[in-house]
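# Survey of secondary and tertiary structure
Residues per chain, in single letters:
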Amino acid sequence: MSERTQTRSPIIVADNLEKTFFRGRGRKAVQIPAVKPLSLTVEPGEFIGFLGPNGAGKSTTIKMLIGILEPSGGTVHVDGLIPAKHRVHLALRLGVVFGQRTQLWWDLPLLESYRLLKVMYRVNEADYRRQMETLVELLDLSSFWHTPVRQLSLGQRMRGELAAALLHRPKILVLDEPTIGLDVTAKSDVRRFLLRENRERRTTIVLTTHDMSDVEELCTRIVVINQGIKMFDGTVNHLEERTGALSALHVTFQTTPLWDAINLPGIEHLSSDDDRSVLLHYNRRQFTPPQILEQIREAGRIEDFRMEEPRLELIMRTLYEGDGRLGE
Ligand SMILES: Nc1ncnc2c1ncn2[C@@H]1O[C@H](COP(=O)(O)OP(=O)(O)OP(=O)(O)O)[C@@H](O)[C@H]1O
Ligand SMILES: [Mg+2]
């Protein structure tokens, strides 16, 4: 296969892309604006985390990018093609995994699915063999290779799905929750594989996930949408800088504290590992850790405390629940 030529132009360009669904008919039809005019540019080789709470419009956007949904407004170009118009042509350059669905044939052994995909994607025998060899090794497929897809475990199936999406060596990989439901080992295998695919082959990847550690490990840039509107577009570091006022303090009491004494304005009680410890979330501009410790002294004797870095999960929570402003 020839060396991929590096182009300067973006590989995905969405310009005021919009999707409104209608539920019901006639006068009673209800409009659901799933994606409001959304503009987005992705350069070749980027690894984008496309994030947002449930119902934000992520899958809808992705479906427009891959051509299975027609936009209600705006335009989108993927590798120079209009997805809804050039769906078949685009499919040859695109790999897609929907964690919640399968593109494999349920009753066929994995291997048979790949043979069918080989024909569909017009992959020649030599390329097929070479790519299959790599995928079987990297994704460790050989132990369940002859098993019908319906008998595979979730982790096995997901590895099988990734191989299916990459069989024709696409330039762009679109993944909608590929790590959903995977155990820690399977998750880390999938991540390692995706990282390699992106860093070594420069495959452009768009990933949606609710697992913030996926994002921390993989994504060079994140795009956050909420209610169909883009709220943030930049690097994880950039997001952390902009929400930098967020901090967390983990406090352990000698005995179960008086929880009421911890309910202080401006200090949010996030979680407890057990009945003696609590994770407090606060704004660094408003409080210092000694001030917090002073304030919660009424709750009980403090045994230990430690400062926690504002993790991405914490930041996203604030973003999803807040008014969308990032405290510029
Ligand atoms: N085919 C459809 N018909 C009508 N409404 C739809 C359709 N598909 C999605 N929606 C609505 O559009 C909105 C966005 O849904 P979408 O699936 O894009 O969200 P999401 O960001 O992928 O969420 P999740 O994290 O839960 O997967 C939701 O309100 C959803 O109910
Ligand atoms: Mg979704």
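Quantities reported herein were computed from a predicted structural model and do not represent experimental measurements. (Residues numbered from 1 in each chain as written. Chains lettered and ligands numbered in written order. Predicted model: local features only at pLDDT ≥ 70, side-chain atom pairs only at ≥ 80, totals over all residues. Heavy atoms only, no water.)

## Re the overall build of the protein
When helices and strands are tallied, the protein shows 10 helices and 13 strands. The principal-axis extent of the C-alpha atoms belonging to the protein is close to 70 × 50 × 45 Å. Per-residue burial for the protein yields a buried fraction of 48% across its 328 residues. The long-range fraction of contacts in the protein, counting pairs at least 24 apart against all pairs at least 6 apart in sequence, stands at 70%. As displayed, the protein offers around 17,100 Å² of accessible surface, 48% of which is attributable to carbon and sulfur atoms. Here the protein holds 43 positive side-chain charges and 43 negative ones, and the gap between their average locations is 8 Å. (Helix = DSSP H or I, 4+ residues; strand = E, 2+ residues; numbered from the N terminus. Buried < 20%, exposed > 50% of the residue type's maximum accessible area, 1.4 Å probe, protein only. Contact = heavy atoms within 4.5 Å. Areas by Shrake-Rupley, 256 points an atom, 1.4 Å probe, with all protein chains shown as cover. Lys, Arg positive; Asp, Glu negative; His and termini not counted. Charge placed at Lys NZ, Arg CZ, Asp CG, Glu CD.)

## Comments concerning the pattern of salt bridges
Enumeration according to the criterion identifies 21 salt bridges in this entry. Put simply, Asp127 and Arg130 hold a salt bridge, and the shortest N to O gap is 3.4 Å. Separated by three residues within a single helix, Asp127 and Arg130 lie in helix 4 (residues 125–139), roughly one turn from each other. The class for Asp127 is buried, based on a relative accessible area of 15%. Overall, the relative accessible area of 45% leaves Arg130 in the partly exposed class. Residues Arg201 and Glu197 are paired through a salt bridge, measuring 2.6 Å at the closest nitrogen-oxygen approach. Taken together, the positions of Arg201 and Glu197, both in helix 6 (residues 184–201) and four residues apart, correspond to about one turn of that helix. (Salt bridge = Lys/Arg side-chain N within 4 Å of Asp/Glu carboxyl O.)

## Notes on the site of ligand 1
Within the structure, ligand 1 sits among 14 residues, and Gly55, Lys58, Ser59, Thr60 and His210 are positioned closest to it. In the model, an oxygen atom of ligand 1 is placed 3.5 Å from a nitrogen or oxygen of the Glu177 side chain. Here an oxygen atom of ligand 1 sits 2.8 Å away from a polar atom, N or O, in the side chain of His210. If you list the elements that add at least two residues to the shell around ligand 1, you get strand 1 (12–23), strand 2 (30–42) and helix 1 (58–66). Considering each element in turn, the shell around ligand 1 owes the most residues, three residues, to helix 1. The residue makeup of the shell around ligand 1, split by class, is five nonpolar, six polar and three charged. (Near = heavy atom within 4 Å. Polar contact = N/O pair within 3.5 Å; in protein donor to acceptor, adjacent residues only side chain to side chain. Nonpolar A, V, L, I, M, F, W, Y, C, P; charged D, E, K, R; others polar.)

## Focus: the nonpolar core
If you look at the biggest cluster of nonpolar residues, it comprises 51 residues, and the most contacted ones within it are Tyr114, Leu141 and Leu194. The dominant element in this core, judged by the number of residues it contributes, is helix 5 (residues 154–166), at six residues. Aside from chain neighbours lying at most four places away, what touches Leu141 is Tyr114, Met132, Leu135, Val136, Arg159, Gly160 and Ala163. (Core = buried A, V, L, I, M, F, W, Y, C linked by side-chain atoms within 4.5 Å.)

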